[in-house]
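# Coordinate inspection notes
So the chains spell out like this:
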Amino acid sequence: MSKPYIICHMMTSLDGRIDCAMTSKLKGVEDYYYSLDELDVPTTLSGRMTAEFEMALPGKFESETKTPVNKFTFSKKFDAEGYEVVVDTKGTLLWEEQIDCDKPLLIITSEEVSEEYLSYLDGKNISYIAVGKGKIDLEKACEVLNTEFGVERMGIVGGPKINTAFLEAGLLDEISILLGVGIDGRAGMPTVFDGLAMDHDVTPLSLIDVTKFDSGALWIRYKTNN
């Protein structure tokens, strides 16, 4: 299958938690963006919840007819070196119009998305890929990103749900963790990966490199054994 080289890059506390408000207080937070740049991933991908809190406009798109598109389709509005990809399965997030963007927005959604939402994205000059019955076909979406949008390297920078979806689909080539200096310890806080079935086997990894920063943070890179 043709696809980008995909790296999951996250900053965590010592106990593996990734709550953004918490990690922003850890020593080494400035090293996260340095390490992300070093990974050379012009395209980055976030899940809906991350995008809702960090990128999208307030509110929710409401379809009047709720007529699903019911077919694979995509629309490319920009040729760019990299994209800000957001996974939004049902098409609910609201956005500013895209004009002369260095890193334009690209929405991945399922074929259950409403025709109205895709028209909304067209009106905002936002690229999209609608693929998958019932849920997004991540494998096909990655193929389209590579062959139609020219994405060769992509960083997954979302939360546990989207990280786990890519892991379960066998699409991650590398896991990159910036281990900040501090412990969260709060019950129920999100981790890098979460939600696999209880009988799911351990995912084997091979160490690539470990870097220590002056802050005390550690950058650990692993290759998946896909």
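Structure's up top.
Residues numbered from 1 in each chain as written. Predicted model: local features only at pLDDT ≥ 70, side-chain atom pairs only at ≥ 80, totals over all residues. Heavy atoms only, no water.

Mapping Val-113 onto the fold places it in the loop between strand 5 (105-109) and helix 4 (115-123). Residues Val-113 and Asp-88, spaced 25 residues apart in sequence, show a C-alpha to C-alpha distance of 9.2 Å. Here Val-113 is in contact with Thr-67, Pro-68, Val-69, Lys-90, Gly-91, Leu-118 and Ala-130, once residues within four sequence places are set aside. (Helix = DSSP H or I, 4+ residues; strand = E, 2+ residues; numbered from the N terminus. Contact = heavy atoms within 4.5 Å.)

Further remarks concern the side chain of Asn-146. Along the chain, Asn-146 turns up in helix 5 (residues 138-147). Within the local environment of Asn-146, its side chain forms a polar contact with the backbone oxygen of Val-151, the two atoms lying 3.0 Å apart. Beyond its immediate chain neighbours, meaning those up to four positions away, Asn-146 contacts Ser-2, Lys-3, Pro-4, Val-151 and Glu-152. (Polar contact = N/O pair within 3.5 Å; in protein donor to acceptor, adjacent residues only side chain to side chain.)

To continue, consider the pairing of strand 10 (residues 218-224). Looking along a regular strand, one sees the side chains alternate between the two faces of the sheet. Sheet topology places strand 8 (residues 174-179) next to strand 10; six bridges connect them, and they run antiparallel. Residue Leu-178 lies in a different strand from strand 10, and its bridge partner there is Trp-219. Where strand 9 (residues 205-212) lies against strand 10, seven bridges are found, and the strand directions are antiparallel. Of the residues in strand 10, the one forming a bridge with Lys-212 is Leu-218. (Pairing = 2+ DSSP bridges.)

Taken as a whole, this structure holds 10 salt bridges when the rule is applied. Among the ionic pairs, Asp-173 bridges to Lys-3, the shortest N-O distance being 2.6 Å. Note that Asp-173 is positioned in the loop between helix 6 (160-168) and strand 8 and Lys-3 in the segment before strand 1 (5-12), a separation of 170 residues in sequence. We classify Asp-173 as buried; its relative accessible area is 15%. For Asp-15, the salt bridge is made with Arg-17, and the minimal N-O distance between the two is 3.9 Å. Here the salt bridges share partners, and the residues they tie into one network are Asp-19, Asp-184 and Arg-186. (Salt bridge = Lys/Arg side-chain N within 4 Å of Asp/Glu carboxyl O. Buried < 20%, exposed > 50% of the residue type's maximum accessible area, 1.4 Å probe, protein only.)

A general feature of soluble globular proteins is that nonpolar side chains tend to end up buried together. Membership of the largest hydrophobic core comes to 30 residues, with the highest contact counts inside it found for Leu-45, Ile-108, Met-154, Ile-156 and Phe-166. If you list the elements that add at least two residues to this core, you get strand 1, strand 4 (84-87), strand 5, helix 5, strand 7 (153-156), helix 6 and strand 8. Here the element with the most residues in this core is helix 5; it accounts for five residues. Leave out the neighbours within four places in its chain, and Leu-45 touches Val-85, Val-87, Ile-108, Met-154, Gly-155, Ile-156, Val-157, Gly-158, Ile-162 and Phe-166. In terms of nonpolar packing, the next biggest core, distinct from the first, is built from 18 residues, Phe-61, Val-69, Trp-95 and Tyr-120 among them. (Core = buried A, V, L, I, M, F, W, Y, C linked by side-chain atoms within 4.5 Å.)

Looking now at the packing of aromatic side chains. Summed over all chains, the structure comprises eight aromatic pairs. Their ring planes at 90 degrees and their centres at 5.9 Å tell us that Tyr-34 and Phe-213 sit as a pair that is edge-to-face. Of the two residues, Tyr-34 sits in helix 2 (residues 29-38) while Phe-213 sits in the loop between strand 9 and strand 10, which places them 179 residues apart along the sequence. When its relative accessible area of 44% is taken as the criterion, Tyr-34 is described as partly exposed. (Phe/Tyr/Trp six-rings, centres within 6.5 Å; stacked < 30°, edge-to-face > 60°.)

By the element assignment, Thr-164 lies in helix 6. Separated by 72 residues in sequence, Thr-164 and Thr-92 place their C-alpha atoms 21 Å apart. Ignoring anything within four residues of it in the chain, the contact list for Thr-164 reads Phe-193, Asp-194 and Leu-196.

Next up on the list: the sheet that holds strand 4. Strand order in this open sheet of 10 strands is 3-6-5-4-2-7-1-8-10-9, and the pairing throughout is mixed. Each edge of the open sheet is held by one strand with a lone partner, namely strand 3 (73-75) and strand 9. Taken over all neighbouring pairs, the strand axes of this sheet differ in orientation by 20 degrees on average, direction set aside. When strand 1 meets strand 8, the two strands line up parallel, connected through six bridges. When the sheet's bridge partners are listed, Met-11 is paired in strand 8 with Leu-178. The strands touched by helix 2 are strand 1, strand 8 and strand 10; relative to strand 1, the strand with the most contacts, the crossing angle is about 170 degrees. Sitting on the sheet, helix 6 is in contact with strand 1, strand 2 (43-46), strand 4 and strand 7, with an inclination near 130 degrees to strand 7. (Axes fitted to C-alpha atoms, helices over the stretch in contact; angles between N-to-C directions.)

By themselves, these are just geometric observations and shouldn't be taken as functional.
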